[in-house]
Amino acid sequence: MEMKDNIAINAVRTFVIERLGGNVDGIIDYDLGRLRSDKQYGCPGRMFDPDDTNLMRAIYCIVFGDVWSNLSWGNSGNGKLRGDTLNSSATFFSYPWKDEFTKKWDPPVELTDKIKTFQHTFHTIGNMTVLPDKRIGGWSINKHRGCHDDWHDYEDRFLSALYKVLTDKPDLDEDLLELVRCNDEDFAPFYGEEGWRSFIDGNLLNDYVDADYLPVIKTKGYTWWRGGYVNKQRYFAEANRYIDESTRIIHNRGKRMLDILKEGLCQ
């Protein structure tokens with residue numbers, strides 16, 4: 001662990017003592033939404049975003065510091081290397097404080113309860129990752145991923161598009177290519193098939209690819225505002241599948257992150 005991570009290591013150690021009673025394992029299920037007004041571990045002086053809290057910045061430095069060569073406490077955040085949420089809740093289920101999903105779709109009680117649980121799960125560390133964030137006219141990779149008409153913030157769809165860019169496939173998304181080139185220094189180790197494998201392994205994204213590291217798209221790309229005719233049975237079936245699959249990935253990845261975190265905290 002390099003010297004650049006000392007601030008991060010101390011921040012996480014202090015958090016574990018102060019907020020988790022010394023039980024580092026508790027960080028796996030900690031709801032980052034609890035840090036909204038926290039002036040130490042939240043987002044003091046900036047807009048609150050669970051994936052860009054001071055706590056997550058520190059965790060990224062420890063867990064992914066050897067993956068992204070430029071990642072450090074001082075090079076984290078907007079326009080630098082920034083946190084990103086893998087599996088969204090708002091795209092499919094709208095924001096919980098507004099809940100336009102329930103109004104539009106009238107889901108069964110079982111699904112409503114499942115969504116509430118997921119809106120906690122998706123704010124835990126296993127759902128958080130790092131993306132380069134240099135921007136073109138205020139437009140970041142993160143924003144492009146969330147607003148793209150085909151991807152709608154779904155990680156499997158985004159990774160499929162990123163794979164094509166990093167391996168120079170003819171049907172790549174040219175706008176994403178431009179944004180990746182804008183962040184070329186950070187993406188440099190990840191070009192080509194071998195680079196792509198390093199990207200997947202290093203960022204613990206193996207649940208999104210097959211044995212040959214090819215991205216697997218499982219989501220249907222549904223959005224809560226979806227128009228036209230929609231069969232509710234199929235829609236709710238996909239909602240349940242998406243929550244189940246995302247929860248499995250988040251828990252698996254959280255455990256892997258915890259193992260790396262523990263090793264880093266022992267330095």
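Residues numbered from 1 in each chain as written. Predicted model: local features only at pLDDT ≥ 70, side-chain atom pairs only at ≥ 80, totals over all residues. Heavy atoms only, no water.

So, on to the pairing of strand 1 (residues 81-85). Consecutive side chains of a regular strand alternate in pointing toward one face of the sheet and then the other. Taken across its five residues, strand 1 has five buried, putting it largely inside the fold. For strand 1 and strand 2 (residues 128-132), the ladder comprises five bridges, and the chain directions are antiparallel. Across the sheet, the residue bridging to Thr85 is Met128, located in strand 2. (Buried < 20%, exposed > 50% of the residue type's maximum accessible area, 1.4 Å probe, protein only. Helix = DSSP H or I, 4+ residues; strand = E, 2+ residues; numbered from the N terminus. Pairing = 2+ DSSP bridges.)

Tallying each qualifying case throughout the model produces 18 salt bridges. A salt bridge links Lys164 to Asp171; the nearest nitrogen and oxygen atoms lie 3.0 Å apart. Residues Glu245 and Arg248 are paired through a salt bridge, measuring 3.1 Å at the closest nitrogen-oxygen approach. Within this pair, Glu245 and its partner Arg248 are both found in helix 11 (residues 232-265), separated by three residues, close to a single helical turn. Overlapping salt bridges bring together Asp84, Arg145, Asp153 and Glu155 as one network. (Salt bridge = Lys/Arg side-chain N within 4 Å of Asp/Glu carboxyl O.)

As a further point, take the environment of Trp97. Here Trp97 is to be found in the loop between helix 3 (90-93) and helix 4 (100-105). With a relative accessible area of 65%, Trp97 lands in the exposed category. Put simply, Trp97 and Glu185 are 88 residues apart on the chain and 39 Å apart in space, counted from C-alpha to C-alpha.

Moving on to the packing of aromatic side chains. Evaluation of the coordinates by the stated rule reveals 23 aromatic pairs. Each ring, one from Phe118 and one from Phe122, has its centre 5.9 Å from the other, and the planes form 25 degrees; the classification is stacked. For the pair formed by Phe118 and Phe122, the shared burial category is buried. Ring centres of Tyr163 and Trp196 lie 5.2 Å apart, and the angle between their planes is 65 degrees; on these two criteria the pair is classed as edge-to-face. Taken together, the residues span a long stretch of sequence, with Tyr163 in helix 7 (residues 155-166) and Trp196 in helix 10 (residues 192-202) at a distance of 33 residues. In this structure Tyr163 comes out as buried when scored by relative accessible area, which is 9%. (Phe/Tyr/Trp six-rings, centres within 6.5 Å; stacked < 30°, edge-to-face > 60°.)

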